[in-house]
Amino acid sequence: MGKVRGLIGLLMALCLGGTAVAQDKPHWVASWATSQMVPTGENVAPAADLTDATLRQIVRVSIGGKRLRVRLSNAYGTAPLVVDAASIALSADNATSRVTPATLRPLTFGGGAGVTIPAGADYLSDPVDLPVAAGADLAITLHLPSPPERQTGHPGARAHSHFAHGQQVMAETLAGVKTSTRWYVIGGVEVDAPGAGALVILGDSITDGYGVQPNTNARWPDRLMVRMRADPATRDLAVLNAGIGGNRLRLDGLGPNALARFEREVLSPPGVTHLLVLEGVNDLGTLTRDAPATSEQHAALVREMIEALRQVVARARSHGIKVIGGTIMPFGTSAYYHPGAANEADRAAVNAWIRAPGNFDAVIDFDAAMRDPGNPTRLRPDLDSGDGLHPSIAGYQAMADAVPLEVFANKARR
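This one's a predicted model, so the numbers in the text were calculated from it and none came from an experiment.

**Notes on the layout of surface pockets**
Working step 1: Of the volumes computed, that of the largest pocket is approximately 660 Å³.
Working step 2: As for the largest pocket, its lining consists of 29 residues, of which S205, Y210, G245, G246 and L254 are closest to the centre.
Working step 3: Mapped onto the lining of the largest pocket, the elements with two or more residues apiece are helix 2 (205–208) and helix 5 (281–287).
Working step 4: For the lining of the largest pocket, the class distribution of residues is nine nonpolar, 13 polar and seven charged.

**With respect to the packing of aromatic side chains**
Working step 1: In the structure shown here, the tally under the stated rule is seven aromatic pairs.
Working step 2: Aromatic pair W32 and W183: ring centres 5.1 Å apart, planes at 85°, arrangement edge-to-face. Taken together, the residues span a long stretch of sequence, with W32 in strand 1 (residues 28–33) and W183 in strand 13 (residues 183–184) at a distance of 151 residues.
Working step 3: Residue W183 is classed as buried on the basis of its relative accessible area of 5%.
Working step 4: Centre to centre, the rings of W353 and F360 are 5.8 Å apart; their planes meet at 75°, and the pair counts as edge-to-face.
Working step 5: Here W353 falls in the buried class, since its relative accessible area comes to 12%.
Working step 6: Every member of this aromatic cluster is reached through a ring pair, and the members are F331, Y336 and Y337.

**Observations concerning the packing of helix 3 (residues 220–229) against helix 9 (residues 393–401)**
Working step 1: At their nearest, the axes of helix 3 and helix 9 sit 8 Å apart, and the two run at 45° to each other. One finds that helix 3 runs oblique with respect to helix 9. For helix 3 against helix 9, the interelement crossing comes out right-handed. When helix 3 is examined against helix 9, the residues W220, R223, L224 and R227 are found in contact with a partner set consisting of Y396, Q397, M399, A400 and D401.
Working step 2: Grouping the amino acids of the contact of helix 3 with helix 9 by side-chain chemistry returns five nonpolar, one polar and three charged.

**So, the nonpolar core**
Working step 1: Counting 77 residues, the largest nonpolar core has L68, L72, I88 and L275 as the members making the most contacts within it.
Working step 2: Broken down by element, this core gets its largest block of residues, nine residues, from helix 6 (residues 295–317).
Working step 3: The contacts of L68, once residues within four sequence positions are left out, are W28, I88, D126, P127, V128, L130, V132, L138, E190 and V191.
Working step 4: The next biggest cluster of nonpolar side chains, apart from the first, holds 28 residues, and it includes I206, L383, M399 and A400.

**Digging into the pattern of salt bridges**
Working step 1: Per the stated rule, a full pass over the model turns up 23 salt bridges.
Working step 2: The salt bridge partner of R67 is D192, with a shortest N-O separation of 2.9 Å. Of the two residues, R67 is situated in the loop between strand 2 (53–60) and strand 3 (68–73) and D192 in strand 14 (residues 186–192); the sequence distance between them amounts to 125 residues.
Working step 3: On the basis of relative accessibility, which here comes to 21%, the residue R67 falls in the partly exposed class.
Working step 4: Ionic pairing is found between D372 and R378, a salt bridge with its closest N-O pair at 3.9 Å.
Working step 5: Of the residues examined, D372 reaches a relative accessible area of 15% and is grouped as buried.
Working step 6: On the accessibility criterion, R378 (23% relative accessible area) is partly exposed.

**Notes on the sheet that holds strand 2**
Working step 1: Here six strands make up an open sheet; going across it, the order is 6-5-9-2-11-12 and the pairing antiparallel. Each edge of the sheet is formed by a strand with only one pairing partner; in this case those strands are strand 6 (105–106) and strand 12 (178–180).

**Regarding empty space enclosed by the protein**
Working step 1: Across all of its chains, the model carries three cavities of 30 Å³ or more by this definition.
Working step 2: One number sums up the size of the largest cavity: a volume of about 270 Å³.
Working step 3: Those elements that provide at least two residues to the lining of the largest cavity are strand 1, strand 2, helix 3 and strand 16 (237–243).
Working step 4: In terms of residues, the lining of the largest cavity owes the most to one element, strand 16, which gives four residues.
Working step 5: Here the residues of the lining of the largest cavity are counted per class, giving ten nonpolar, ten polar and five charged.

**Regarding the pairing of strand 11 (residues 161–165)**
Working step 1: Extensive coverage of strand 11 is indicated by the burial of four of its five residues.
Working step 2: With five bridges connecting them, strand 2 and strand 11 associate as antiparallel partners. Each bridged residue has a counterpart across the sheet, and for L55 the counterpart in strand 11 is F163.
Working step 3: Strand direction decides the pairing type here: strand 11 and strand 12, joined by three bridges, are antiparallel. Considered in strand 12, the bridge of H162 is made with T179.

**Describing the sheet that holds strand 1**
Working step 1: Pairing within the open sheet is antiparallel, and its four strands lie in the order 1-14-3-8. Strands with a single pairing partner mark the edges of an open sheet, and in this sheet they are strand 1 and strand 8 (122–124). Geometrically, the sheet is characterised by an average inter-axis angle of 25° between neighbouring strands, direction not taken into account.
Working step 2: For strand 1 and strand 14, the ladder comprises five bridges, and the chain directions are antiparallel. The residue of strand 14 that forms the bridge with A33 is G188.

Parameters and conventions
Residues numbered from 1 in each chain as written. Predicted model: local features only at pLDDT ≥ 70, side-chain atom pairs only at ≥ 80, totals over all residues. Heavy atoms only, no water. 1 Å grid on protein atoms, 1.4 Å probe; cavity = no way out; pocket = protein on both sides within 12 Å on 5 of 7 lines; lining within 4 Å. Points joined across faces, edges and corners; volume = space filled by probe spheres on them. Helix = DSSP H or I, 4+ residues; strand = E, 2+ residues; numbered from the N terminus. Nonpolar A, V, L, I, M, F, W, Y, C, P; charged D, E, K, R; others polar. Phe/Tyr/Trp six-rings, centres within 6.5 Å; stacked < 30°, edge-to-face > 60°. Buried < 20%, exposed > 50% of the residue type's maximum accessible area, 1.4 Å probe, protein only. Axes fitted to C-alpha atoms, helices over the stretch in contact; angles between N-to-C directions. Parallel < 35°, antiparallel > 145°, perpendicular 65-115°, else oblique. Left-handed = near helix turned anticlockwise from the far one by under 90°. Contact = heavy atoms within 4.5 Å. Core = buried A, V, L, I, M, F, W, Y, C linked by side-chain atoms within 4.5 Å. Salt bridge = Lys/Arg side-chain N within 4 Å of Asp/Glu carboxyl O. Pairing = 2+ DSSP bridges.

Here it is in structure tokens:
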């Protein structure tokens, strides 16, 4: 009998041990992310600024967690990129390089202080025991001995990044800083948050936050995040901004087209359960920006845009992600695209497909929320930034308010 009891006790211990292991298993969810591209023109950081350089870049996470890890990106690099030291901390002031000293932690990679990121690759840091709250501002600090062979970054950071020379990753405040409003090398922050999920918003400059002032976090995804955090039903759903200025469904613009970046920005981040797609205004506008188009070209554009959206939906659904379509907002007074009746007909045709039952799992009718009731081909004047294309800050808030939070019910993936 004693042997039986001993065996039973051993089995119970093993079962309990297994439960403890299961409970300790991390649940990684992307809490902040940004879209990667090759900087061009004024968005290219001078090589001198990235030589023996400490970069401290400020990001705002959307959900909290008990620990975190950072994703660095050399996605468009043409040679390996060396980061020989890195750290993470809570920002003491999201407009300066100062951090809260008690929260400053070194980042490691496989236990080492540095990492060599292969060309075309992303790289995760080791987990860091630094509990963070939803909405916290983090300072990610990297030391680069040499500049990238080709830079990877995000020009539309609308947040201050700080550059200094020398290895200063563990400094409370960087000495001799130069400030920029662009992100380089950083791609994401992931938190260990059991039960949480993530929403990716795939979009263009409207999602990227054209017109938003640095450090104000007034993009429409930022304002949506605030709404979601206040609701117990959605507070554990991260909001990931995958907006790129000038982005299109079909062709590259300032950055890669939506389909080309789909795998990296929608399927790769951990914990993604929802995708909201708001793309197409740049496809519509560029068709006739420089010269008139034939009726056949207009018809082909509509067909190809719908097929691109169909691809997005199919690929997301195949990974268990709920796909939400956003209707394309009016741009009838845009001096940049100067659209006509044919462009408006194209927009109406694509929006009709987006609204049709079954094409998406849900629809956010941004067109209806933002158009001028007296002239539905244009943005409502009080929500227009003044260029006829991008919303004002009040317009971004109106976009966030137009999203019914119930569309985020029933998290599906991981």
